[in-house]
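If you want the building blocks of each chain, they are given just below.
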Amino acid sequence: MTQTALAAVIVGVTLVAWALFMLYLRARPEAAPHVESSLMSPQSSTGAVPGTVIERSPRARRSGDDAAGVTRRQFINRAYFAAIAVGLLNFALASLDYLWPRGGGGLGSKITVGDAETMRSQLAQSRSPVFNVDGFFWLMVYEGQPAAAAKIPAYVTANTAQSGFVALYRKCVHLGCSVPFCDTSKWFECPCHGSKYSINGEYRSGPAPRSLDRFRVDIVGGKIVVDTSQVITGPPRGTVTGQPAPEGVHCVTISGA
Ligand code: FES
């Protein structure tokens, strides 16, 4: 489910909950009749016999309340319902604000990273990915066989073979830790439980169930545009389209990983 759909569902459920709550309040049974136990005086205007117990129905009491203006009980009830309404509305708006994709950049939007040819030569020369703080992804030139990538659904959806770039979500697919890049091994190595991924984000070892998730990359007007509105599930374990071995010592060593 996309973030937009999730936001719409939360707002919808909140409004329905509020509507049901209001219906419940309107439909709940009337309170027991109020008993006035005061004894009537012989001069009572109602003409009741002295000692008679007078019962006033809720309707009669309400009309009496209206005649006297807003009672303290009505005021407290209305304030209570208003506070609940404001709380629910606040929750719905906060959810909407949090989940709605940003138009001006950031995770959930399309992020323009820079000039494609400039980035291509810089990244190929440094052989180190650059981290994009707005979109929480690592950007790297694709170091592998485009023909092999073109046969793997995750690579096709991420447009890796055509664009020549990979944009890897930095969240480890094991339990969600941030995954840094190790400059010596040229792998991504998770410090939490030791999962390791190649420079293309392909699974190599550790408890992670698959390769790193990624985002679609397009070249638009010569610029790199990364679409972070949808996280593309990483290729399965066993996917090897690039260099299979580390190029140096690992940064993270956890026994058993
Ligand atoms: S969270 Fe990365 S290996 Fe567990």
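For clarity, every value in this text was computed on a predicted model and none was experimentally measured. (Residues numbered from 1 in each chain as written. Predicted model: local features only at pLDDT ≥ 70, side-chain atom pairs only at ≥ 80, totals over all residues. Heavy atoms only, no water.)

A. Focus on the nonpolar core. Of all hydrophobic cores here, the largest spans 34 residues; its most connected members are Leu139, Phe165, Phe188, Tyr197, Ile224 and Val226. Every element with two or more residues in this core is listed here: α4 (116–126), β5 (137–141), β6 (165–169), β11 (214–220) and β12 (223–232). If near-sequence neighbours (up to four positions away) are discounted, Val226 is found in contact with Ser109, Lys110, Ile111, Val113, Phe137, Leu139, Ala167, Phe215, Arg216 and Val217. (Core = buried A, V, L, I, M, F, W, Y, C linked by side-chain atoms within 4.5 Å. Buried < 20%, exposed > 50% of the residue type's maximum accessible area, 1.4 Å probe, protein only. Helix = DSSP H or I, 4+ residues; strand = E, 2+ residues; numbered from the N terminus. Contact = heavy atoms within 4.5 Å.)

B. Geometry of the state of the cysteines. This structure, assessed with the given rule, holds two disulfides. Note that Cys177 is cross-linked by a disulfide to Cys192, the S-S spacing being 1.9 Å. The chirality of the disulfide connecting Cys177 with Cys192 is left-handed, given an S-S dihedral of about -100°. Pair noted here: Cys177 is in the loop between β6 and β7 (181–182) and Cys192 is in the loop between β8 (187–189) and β9 (196–197), with a separation of 15 residues, a long-range link. For Cys192, a relative accessible area of 33% translates into the label partly exposed. Linked covalently through their sulfurs, Cys182 and Cys251 form a disulfide whose S-S length is 2.0 Å. (Disulfide = S-S within 2.5 Å.)

C. Summary view of the sheet that holds β7. Ordered by their spatial adjacency, four strands build an open sheet running β7-β8-β9-β10, and the pairing between neighbours is antiparallel. The open sheet has two edge strands, β7 and β10 (203–205), and neither has a second partner. Bridge analysis of β8 against β9 gives two bridges, and the strand direction is antiparallel. Bridged to Phe188 within β9 is Tyr197. (Pairing = 2+ DSSP bridges.)

D. Local environment of the side chain of Asn200. Summarising the element assignment, Asn200 is placed in the loop between β9 and β10. Once you skip the residues sitting within four places of it in the chain, Asn200 turns out to touch Val141, Tyr142, Glu143, Gly144, Tyr155, Leu168, Arg214, Thr241 and Gly242.

E. Main features of the side chain of Glu189. Position of Glu189 among the secondary structure elements: in strand β8. Lys196 provides the closest opposite charge to the buried, salt-bridge-free Glu189, at an N-O distance of 4.9 Å. Only 2.6 Å separates the side chain of Glu189 from the side chain of Ser185, close enough to count as a polar contact. If near-sequence neighbours (up to four positions away) are discounted, Glu189 is found in contact with Val179, Pro180, Cys182, Ser195, Lys196, His250, Cys251 and Val252. (Lys, Arg positive; Asp, Glu negative; His and termini not counted. Salt bridge = Lys/Arg side-chain N within 4 Å of Asp/Glu carboxyl O. Polar contact = N/O pair within 3.5 Å; in protein donor to acceptor, adjacent residues only side chain to side chain.)

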